[in-house]
Amino acid sequence: MSWEKKVRKTVPYTAGEQPKDKNIIKLNTNECPYPPAPGVKKAMEELMAHTDDLRLYPDMNASMLVDALAEHYGIDSSRIFVGVGSDDVLALCFLTFFTNGDPILFPEITYSFYPVWAELYGIDYKQIPLTSELTIDSYEYIPRLTKMKNGGVIFPNPNAPTGVEEPLSIIERIVKGNPDSVVIVDEAYIDFGGTSALPLIDKYDNLLIVQTFSKSRSMAGLRVGFAMGSEKLIGYLKDVKFSFNSYTMNLPSILLGTAAVKDREYFEQTTGKIVDTRERFKKKLNEMGFIFPDSKANFVFACHPDFSGEYLFTELRKRNIVVRHWNKPLISEYLRITIGTDEQMDAVAEALREITAAN
Ligand SMILES: Cc1ncc(COP(=O)(O)O)c(C=O)c1O
């Protein structure tokens, strides 16, 4: 089997389960429990009335969507890049910005796709331990202080799967301390009460912010993500994209994504509801003796001193509730529970109460 020796071998990312059974309370992949903005349905109906438009290649710059984002965030369109979900944007970022041979840095507990992309592209990496409060130790990220050069820095804020948010002062310290590297802040969960580092892109041309439509805009199924940064950074990202696949954004993504961005009021309403539900749910977890860092995301990362993560996961699964559990060092005792509707979270709290009381 000599040809197999020539094949690239990778260990792929493991995504959360997508159960087919509609009776399941699905809280394992941080989707939004509410439908997309009403304008999205209207845009879909208009698209269906003009299916002939699908004959043509889409606008490779996705200008309509980029311009809507530019207006929403109050920045120039030349500072925005869009892709097929933030996974697509992040994968291109690894390919574009992490190239010089020095190890890139990311937290030891973080989005588990980062080491997968690093392995895929042959990028060396170092995982930095979190503090005992699961926060980022900013000292470790500054080459001037550690004498360790890096090839780039990436971390989610709030972090995944912990939900812990770093203040802007820490982000700025990391960006300022790495003038020779690109620093990427993955803000997949920033819209649930967090403070975006977006204003810092005016000050630092090496800072890239990446966000997604999958969580706060209820559109995981559409696959839209975007990056915001200096015109220079976005220009390099576009060059790599156009050397890879010009037409990543299809016509439905451009039209429906644009409709979603234009409805600011609905976006604020749904994200506000999720924040309220999260805070109610935290109180209930607390009462049951769960331990968890203070989450600023649409999930809570919780463990219980008397019950293993695996046991809690299995018991919830028996009750048709699916959350996320990793059998991995450092995090195997935790469950990551996505925030759903009030009704769903009441059901989860009730199930956890029953499970923890029965022993
Ligand atoms: C931290 C983080 N970044 C990026 C993503 C990717 O999101 P998407 O590709 O759906 O935009 C996720 C998804 O769960 C995530 O948790």
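Residues numbered from 1 in each chain as written. Predicted model: local features only at pLDDT ≥ 70, side-chain atom pairs only at ≥ 80, totals over all residues.

Before going further, it helps to examine unusual backbone geometry. Cis geometry is adopted by the peptide bond preceding Pro158, which originates at Asn157 and carries an omega value of -5°. In this fold, Pro158 is placed in the loop between strand 5 (152–156) and helix 6 (168–176). Of the consecutive residues Ala160 and Pro161, the connecting peptide bond is found in the cis state with omega at 5°. With respect to the element layout, Pro161 can be found in the loop between strand 5 and helix 6. (Helix = DSSP H or I, 4+ residues; strand = E, 2+ residues; numbered from the N terminus.)

Quick look at helix 4 (residues 113–121) now. Residues of helix 4 that are buried include every one of Phe113, Tyr114, Trp117 and Ala118, and no others. For helix 4, the angular spread of buried residues about the axis comes to 140°, placing them on one side. Those residues of helix 4 that are buried lie in contact with helix 3 (85–97), strand 3 (104–107), strand 4 (125–128) and strand 5. One or two residues past the end of helix 4 sits Gly122, with phi positive at roughly 70°. (Buried ≥ 20, exposed ≤ 12 C-beta atoms within 10 Å, placed from the backbone. Arc of directions from axis to C-beta. Contact = placed C-beta atoms within 7 Å.)

The next thing to look at is the sheet that holds strand 4. Within a sheet, adjacent strands bond to each other through the backbone by hydrogen bonds, running parallel or antiparallel. Pairing in this open sheet of seven strands is mixed, and the strands run 2-8-7-6-5-3-4 from one edge to the other. The sheet is open, and its two edges are formed by strand 2 (80–83) and strand 4, each paired on a single side. With direction set aside, neighbouring strand axes in the sheet form an average angle of 20°. Pairing geometry for strand 5 and strand 6 (residues 183–186), over four bridges, is parallel. Counted as the bridge partner of Val153 is Val183 from strand 6. (Pairing = 2+ DSSP bridges. Axes fitted to C-alpha atoms, helices over the stretch in contact; angles between N-to-C directions.)

This brings us to the nonpolar core. The biggest cluster of nonpolar side chains holds 94 residues, and the ones touching the most others in it are Val82, Cys93, Leu208, Ile209 and Ala227. Here this core spans two domains, and each of domain 1 (2–36 + 265–357) and domain 2 (38–263) adds at least three residues to it. If we ignore the near neighbours within four places in the chain, the residues touching Val82 are Ala62, Leu65, Val66, Val224, Phe226 and Met249. (Core = buried A, V, L, I, M, F, W, Y, C linked by C-beta atoms within 7 Å. Domains from an automatic or database assignment.)

This part takes up the environment of Ala357. Examined against the element boundaries, Ala357 turns out to sit in helix 11 (residues 342–357). When the C-alpha atoms of Ala357 and Met288 are compared, they prove to be 9.0 Å apart, with 69 residues separating the residues in sequence.

In the vicinity of the ligand, 13 residues are found, and the nearest of them are Gly85, Ser86, Asp87, Thr212 and Ser214. Ranked by residue count, the leading element in the shell around the ligand is helix 3, at three residues. Each residue belonging to the shell around the ligand can be placed in one class, and the counts come to five nonpolar, six polar and two charged. (Near = placed C-beta within 6 Å. Nonpolar A, V, L, I, M, F, W, Y, C, P; charged D, E, K, R; others polar.)

Bridge count for strand 3 against strand 4 is four bridges, and the pairing is parallel. Note that in strand 4 the partner of Ile104 across the bridge is Tyr125. Handedness of the β-α-β unit built from strand 3, helix 4 and strand 4 comes out right-handed. (Right-handed = clockwise from strand over helix to strand, strands pointing away.)

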